[in-house]
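One-letter residues, chain by chain:
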Amino acid sequence: MRKIIKITAFLLLFVTLFLVSCEKEEKHSLNNLDDLAVIATHEETTSAPESEAQGKKRVAITFDDGPHNVYTKRIVDELEKYGFHATFFVVGNRIDGGTYNGSSALKYAYEKGNEIGIHGYTHKAYYNKCSDEVYDSELKNTEKAIKNVIKNADVRLMRPVGGHITSERVQQSKYSVILWNVDPEDWKYKYSSGDSDEAAAQKVETIVSGVMENVSEGSIILMHDIYESTADAVCIILERLFEEGYEVVTVSELLGENRASGKKYSCG
Ligand SMILES: [Zn+2]
């Protein structure tokens, strides 16, 4: 009898564990499906018939981690040569002061028609792990820092640090959450003081080919406007994109009417 009870208890435990693991698996895949659905909606509807009519393939270049007093301004000047516009996801405490001294660069980028989005205030919090208090203050303080410089800024976009954010926070966000689908990993190829001219040129070429070999119409490209090597690469990338018939537009322009708050976008 005792043996039967033991076996029954063991079977019950096994079935319970099995059901729990199924539920976890289902939750996981549902989240993924949600994400995919949003991306799919975007894929179906954003390849711009308007841009086809103009004969231009539209892409968005996004710059994280600035604004930087020198390199952001240089990138903005390069964009202006072609009538292009980019999107800058900024770090609040780099606007307010610190080594980047970014407030004038932020104003400059905005006044030249570029779009400004939120990255984070300290760049130290991951939005899939931090508390609600930290999450709220990272976003609010960054928006406040932007509006201290650009009074009427219409901040619609957010790029989570590292691309990490929970599905719940995406859904509840007043911003559109913008990821990327082309990543040349430019931060890996910043110049070091000991670089020879050849080594520096090789780094720039690696960043350039990381973009040019992967770009296609509707791409959202990720770069960082705080490195000299990135600014050098951007000069070449813009020229090549222009020659290949691309137009570089802001993320809001790329997404057009399909952009909505509380949704995540990573490719077109
Ligand atoms: Zn970042």
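Just above sits the structure.
None of the values given here were measured: they were computed from a predicted structure.

Further remarks concern the pattern of salt bridges. Oppositely charged side chains may form a pair once their charged atoms are brought near each other. Evaluated as defined, the whole model comprises 13 salt bridges. A salt bridge links Asp154 to Arg156; its shortest N-O distance comes to 2.9 Å.

As a packed pair, helix α8 (residues 197–212) and helix α9 (residues 228–243) sit with axes 9 Å apart at the nearest point and diverge in direction by 40°. Judged by the inter-axis angle, α8 sits oblique to α9. The hand of the α8/α9 crossing is right-handed. Contacts from Val204, Glu205, Ile207, Val208, Val211 and Met212 in α8 reach Ser229, Thr230, Asp232, Ala233, Ile236, Ile237, Arg240 and Leu241 in α9. Among the residues forming the contact of α8 with α9, the class breakdown is nine nonpolar, two polar and three charged.

Within the protein, the atoms that donate to the zinc ion are Asp65 (OD), His119 (NE2) and His123 (NE2), at distances of 2.1 to 2.2 Å. Of note, the zinc ion draws all its donor residues from one chain, in the sequence arrangement D-x53-H-x3-H. With Asp65 in the loop between β1 (57–64) and α3 (71–82) and His123 in the loop between β3 (115–120) and α6 (132–149), the pair connects residues that are 58 residues apart, well separated along the chain.

So, about the side chain of His224. With respect to the element layout, His224 can be found in strand β6 (residues 220–224). Residues within four places of His224 in sequence aside, it is in contact with Phe63, Asp64, Asp65, Asp186, Trp187 and Thr230.

Reading guide: rules and limits
Here the residue numbers are simple positions, counted from 1 along each chain's written sequence. Reporting in this predicted model follows two pLDDT cut-offs: at least 70 for local features of residues, and 80 or more for side-chain atom pairs to be given and counted; totals over whole chains, interfaces and linings ignore these cut-offs and use all residues. Neither water nor hydrogens contribute to the side-chain values; these are computed over all heavy atoms in the structure. Only one rule defines a salt bridge in this text: a Lys or Arg side-chain nitrogen within 4 Å of an Asp or Glu carboxyl oxygen. Orientation is described by lines fitted to C-alpha atoms, with helices fitted over the stretch in contact, and by angles between N-to-C directions that extend from 0 to 180 degrees. In this description a helix means any DSSP run of H or I spanning at least four residues, a strand means any run of E spanning at least two, and both kinds are numbered starting from the N terminus. Roughly parallel refers to an angle under 35 degrees, roughly antiparallel to one over 145, roughly perpendicular to one between 65 and 115, and oblique to any angle outside these ranges. The handedness criterion is simple: a crossing whose near helix is rotated anticlockwise from the far helix by less than a right angle is left-handed, and one whose near helix is rotated clockwise is right-handed. By the convention used here, residues are in contact when the closest approach between their heavy atoms is within 4.5 Å. Note on residue categories: nonpolar means Ala, Val, Leu, Ile, Met, Phe, Trp, Tyr, Cys or Pro, charged means Asp, Glu, Lys or Arg, and polar means any other residue, Gly included. Water is absent from the atoms considered, so a metal site may look incomplete; donors are defined as N, O and S atoms within 2.8 Å of the metal, or 3.2 Å for Na, K and Ca.

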